[in-house]
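Working through the structure, step by step
Chain residues, written in single-letter form:
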Amino acid sequence: MRLEARLEPSRAMMVAAPLLAVAATLAAGGLLFAALGFDPLAALFTFFVSPLGDLTGVSEWLLKATPLALIAIGLALGFRGNVWNIGAEGQLTMGAVAAGGTALALYEASGFWVLPLVLTAGVLGGAAYAALPAVLRTRFHANEILTSLMLNYVAILVLAWLVHGPWRSPEGYNFPETRMFTDAALLPALIEGTRLHVGALFVPVVALVVWAVLSRSFLGFQIKVIGLTPAAGSYAGFSPNRVIWFSLLVGGGLAGLAGAMEVCGPIGQLVPSVSPGYGYTAIIAAFLGRSHPLGIVLAALLLALTYLGGDAAQIALAVPLAVIQVFQGMILFFLLAADVLIRYRVRFSARVQTGGTR
Amino acid sequence: MSDAELLTLSAILAAMVRAATPLVFAALGELVTERAGVLNLGIEGMMLIGAVAAFAVAHADGGILLSIAAGAAAGMAIAALFAVLALGLRANQVACGLALSLFGVGLSAFLGKGLIGTPIEALPALPLPGLSRIPVIGKALFDHDILVYLSVLAAPAIHLFLFRSRAGLILRAVGENHDAAHAIGYAVLRVRLLAVLFGGAMAGLGGAYLSLTYTPMWVENMAAGRGWIALALVVFATWRPARALLGAYLFGGVTILQLHAQNWGVGVPSQILAMLPYVATIVVLVAISRDESKIKLNAPACLGKVFHSGR
C-alpha cells in the first residue's frame, strides 16, 4: 500500500473526509464501550441519540452548539491564513469578565440598552485579549500558538482572582462567585421554559457575514492567498500583518461574545469556570467544518452532542465525564487521517514504480 | 545567615530542582524531535499520558523501575500515533500536535478516574555519597531521586549525541534539509520516527516525574501547561540542550519563588502570583524572538515541513 499524489486536491474527499472521520469515531467509540463491558450499540445510542429525546434535550444541544460555532467561525478565519489562535478559551474568559464587569457596574440600571452594552463589552474584552498575541507576533515575531495558549492560563487566573476577591458577592456566603446579574443584563429565552436564549440567533448571522467576507471580499482573498502560499502573497503586496490582526481580532471578538453569552445566559453570574473547554473544542469544530462557516455550524452541532452524550453516559453507564474529550480527540485524529485522501490516492499495487527509485 | 536560613535556602534550591525536572525531560525530548525537523505540539498530552501510566503501575505496586518505564512507554506509544498521522499520512504537524494534546488531556483523565485521591509513596531519594554532605548545596542538588539525576545527565548526553556522533549528524541533516538527506540515501522518515518516539518517551518521563515524585498523586490535567512551557523553552534554548537545561531551571526557580511568595504572605493575591510562570514564558519568548535572525539562524530549516519522497 502506498500513497500517490493527486494532481489536484480532491473536492469530493474534502466533503467525504469529515463523514469518514465521524464513522470511524463511532466505530472506535463502540469498541471503547465494548472494552468497558457495555453493549456497544446501546451505549452509542445512549451517547448520541438519547440526549435529543425531548425539547429540553434539543434546546440544551443548541445552547452548547452556539458558543462552539461562534468561536470556531472566528478561529477558521485565522487557520485559513495560517494564524494559529489557540487562545480562544482565554479570549472567551476575558469576554465573560468584561461582560460580567459591565453587568455588575450597571447593577442598578435597567433599560433595553443594558444588554447590548454588556455583550459589546464581551466582544471588546475578547478582542483586546486577542490583540496581545497579535502585537507579540507582528511586533516581536513571537509565535502566536505559544503566547495565545499561555494567555489561556492567565485569563482563567484573572477570573479566579476576581470572583475570589474584589468581585465576590457580598451576599454569597463566601462562595467564589459574583452577584447574579439583573434581568436587564440577561439574554431572554428563545423558547420559553428552556435555557436556550436569543444569543443562538447570532450564529446564522455571523456565519453568513463571515462567509461573505471570505468568499466575496478582497480581504478574504488575501487571507486565502497568504494562507496557501505566503510568498505569492508578499509578491502581490498583501500584508501578512493585516491578516494576523484581522483574524485575531475577529476570532477574539467572537470568542468574547461567546463568553459574554454564557455568563448572561445559562450561568447568570461570574463563577470560577465559565466554559467546559469550548475554546479548545472549537479548534476541532473549525477543522471538522473545513474552515467553512456552514460546515462549522454542522461540526459545532456534532461536537455539542458529545457534551450531552458525555453527561448521559456518565449518568446511565457511570463512565467518567472525560469520555467527552476522548470522543472529541478521536474525531480530530480520524479527520486528520482521512484528510490524506484529499491530496493522495491510496494504491494497493505491488511496487511498480516507487518514488525513491525514479 | 543563620543555620535556619541556610536550611531554608537549601530547601528552596531543592524545590527548584524538583520543579524544573519535568520541564527538563519534556524540553530535551522536544528539542531532539525538532532537530529532526518535526514540530510536535502534543507534549502536554504525552506528559499526561505518561503521568497516568506511571502512576497506575506504581499504584498497583509495580515497583520503581517498572513505573518509570511505563511512563516512558506510554508517552512513546501516544507519540507513535502522532507519527502515523504526521509522518505516515503527511498531515499538518501543527494540527496533529494539537490533536495529540487535546486527546491526551481527555484520555488521561478518562483512564485516571479511578486513581484520583489515592496517594502513593514518592520515589526514594538517593543521596550521592560524599556530595550530598556538602553544606547547603549538598541537600539541594545531590539528594534527589533517580529521575532528577537522569534528567540532568540527559542534557550532556543529548549534546554529545547531536554534535559529536554520526547518528546525530544524520538527524540534524534530516532536520535541516530533508530532500538533500534523502538524496544522499538517508531514511528521512525512519530518522524522524525515531526522533518523535524519543520525544514521546522523554515527555512521558517528565509526566512520570510529576505523578511519581512531584505531587505524588494523580490529579486530572496535572501537567498544567508544562508541556507548552517546554515548547517555549526549546525556542528559548535556540535548540541547544545545555540552554534548555538552564531555561528549565530558571522556570523551576520562577515556579518556586511564586509558591514561596504565597507562603510568605506577600500582599499580592495568590492567583496573580500563580500567573508568573505563564507570563514569564511569554516574556522569554518575546525576548528571544525579537531578533528574527536569531530564530532563523538556529531553527532547523525543515521544521514542521512535510516530507514526500516521491516528488
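Each value, and the rule that gives it
- Residues numbered from 1 in each chain as written.
- Chains lettered and ligands numbered in written order.
- Predicted model: local features only at pLDDT ≥ 70, side-chain atom pairs only at ≥ 80, totals over all residues.
- Contact = placed C-beta atoms within 7 Å.
- Helix = DSSP H or I, 4+ residues; strand = E, 2+ residues; numbered from the N terminus.
- Nonpolar A, V, L, I, M, F, W, Y, C, P; charged D, E, K, R; others polar.
- pLDDT = per-residue confidence, 0-100.
- Axes fitted to C-alpha atoms, helices over the stretch in contact; angles between N-to-C directions.
- Parallel < 35°, antiparallel > 145°, perpendicular 65-115°, else oblique.
- Left-handed = near helix turned anticlockwise from the far one by under 90°.
- Expected span 1.5 Å × (residues − 1).
- Buried ≥ 20, exposed ≤ 12 C-beta atoms within 10 Å, placed from the backbone.
- Core = buried A, V, L, I, M, F, W, Y, C linked by C-beta atoms within 7 Å.

1. Describing the interface of chain A and chain B
Each side of the interface is counted separately: chain A has 39 residues, and chain B has 38 residues. The element best represented in the side of chain A that touches chain B is helix α6 (residues 144-164) of chain A, accounting for 11 residues. Residues that form the side of chain A that touches chain B fall into these classes: 28 nonpolar, 10 polar and 1 charged.

2. Quick look at the confidence of the model for chain A
Detailed reading of the predicted coordinates is not advisable wherever pLDDT is low. In the predicted model, chain A carries a mean pLDDT of 90, and 97% of its residues have values of at least 70. Low pLDDT (under 50) marks residues 354-358 of chain A, which in the prediction has 5 contacts with non-local residues, meaning those over four places away or in another chain.

3. Some details on the packing of helix α10 (residues 226-236) of chain B against helix α13 (residues 276-289) of chain B
Residue and element names in this part refer to chain B. Running from N to C, α10 and α13 point in directions that differ by 25°, and their axes come no closer than 9 Å. One way to sum up the angle between α10 and α13 is to call them roughly parallel. Of the two possible hands of crossing, α10 and α13 adopt the one that is left-handed. Contacts between α10 and α13 involve Ile229, Ala232, Val235 and Phe236 from the former and Pro277, Thr281, Val284, Leu285 and Ile288 from the latter. Class assignment of the residues belonging to the contact of α10 with α13 gives a composition of 8 nonpolar, 1 polar and no charged.

4. Some thoughts on helix α5 (residues 114-140) of chain A
For α5(A), spanning 27 residues, the distance from its first C-alpha to its last is 38 Å, which sits close to the expected 39 Å at 1.5 Å a residue. Looking one or two places after α5(A), you find His141(A), whose phi comes out positive at around 60°.

5. Section: the environment of Asp311(A)
Within the secondary structure, Asp311(A) is located in helix α12 (residues 293-317). In this structure the C-alpha to C-alpha distance between Asp311(A) and Arg216(A), which are 95 residues apart in sequence, comes to 41 Å.

6. So, the confidence of the model for chain B
Model confidence for chain B is summarised by a mean pLDDT of 90, while 99% of its residues fall at 70 or above. Note on the complex model: pTM 0.92, ipTM 0.90.

7. A look at unusual backbone geometry
Residues apart from glycine generally show negative phi values, whereas peptide bonds are mostly found in trans. Positive phi values are uncommon outside glycine, yet Asn82(A) reaches one of about 60°. Checked against the element boundaries, Asn82(A) lands in the loop between α3 (55-80) and α4 (88-105). Under the C-beta neighbour-count criterion, Asn82(A) is labelled partly exposed, with 17 such atoms within 10 Å. Even without being glycine, Asn221(B) reaches a positive phi, approximately 55°.

8. Some details on the environment of Phe327(A)
Residues and elements named next belong to chain A. Within the secondary structure, Phe327 is located in helix α13 (residues 323-338). The exposure class assigned to Phe327 is buried, which follows from the 26 C-beta atoms found within 10 Å. With 163 residues separating them in the primary sequence, Phe327 and His164 have C-alpha atoms 33 Å apart. In this structure Phe327 touches Thr25, Gly29 and Thr306, once residues within four positions along its chain are discounted.

9. Structural notes on the packing of helix α2 (residues 40-48) of chain A against α12(A)
Two quantities define a packed helix pair, namely the angle between the axes and the distance from one axis to the other. Residues and elements named next belong to chain A. Between α2 and α12, the shortest axis-to-axis distance is 7 Å and the interhelical angle comes to 125°. As summarised for this structure, α2 and α12 are arranged oblique, according to the angle between their axes. Packed against α2, whose contacting residues are Ala43, Thr46, Phe47 and Phe48, the element α12 presents Leu305, Gly309, Ala312, Ala313, Ala316 and Leu317 at the interface.

10. Describing the nonpolar core
Of all hydrophobic cores here, the largest spans 236 residues; its most connected members are Ile71(A) and Ala72(A). If we skip the residues at most four places from it in the chain, Ala72(A) touches Ala282(A), Ala285(A), Ala286(A), Gly289(A), Ile296(A), Ala299(A) and Ala300(A).

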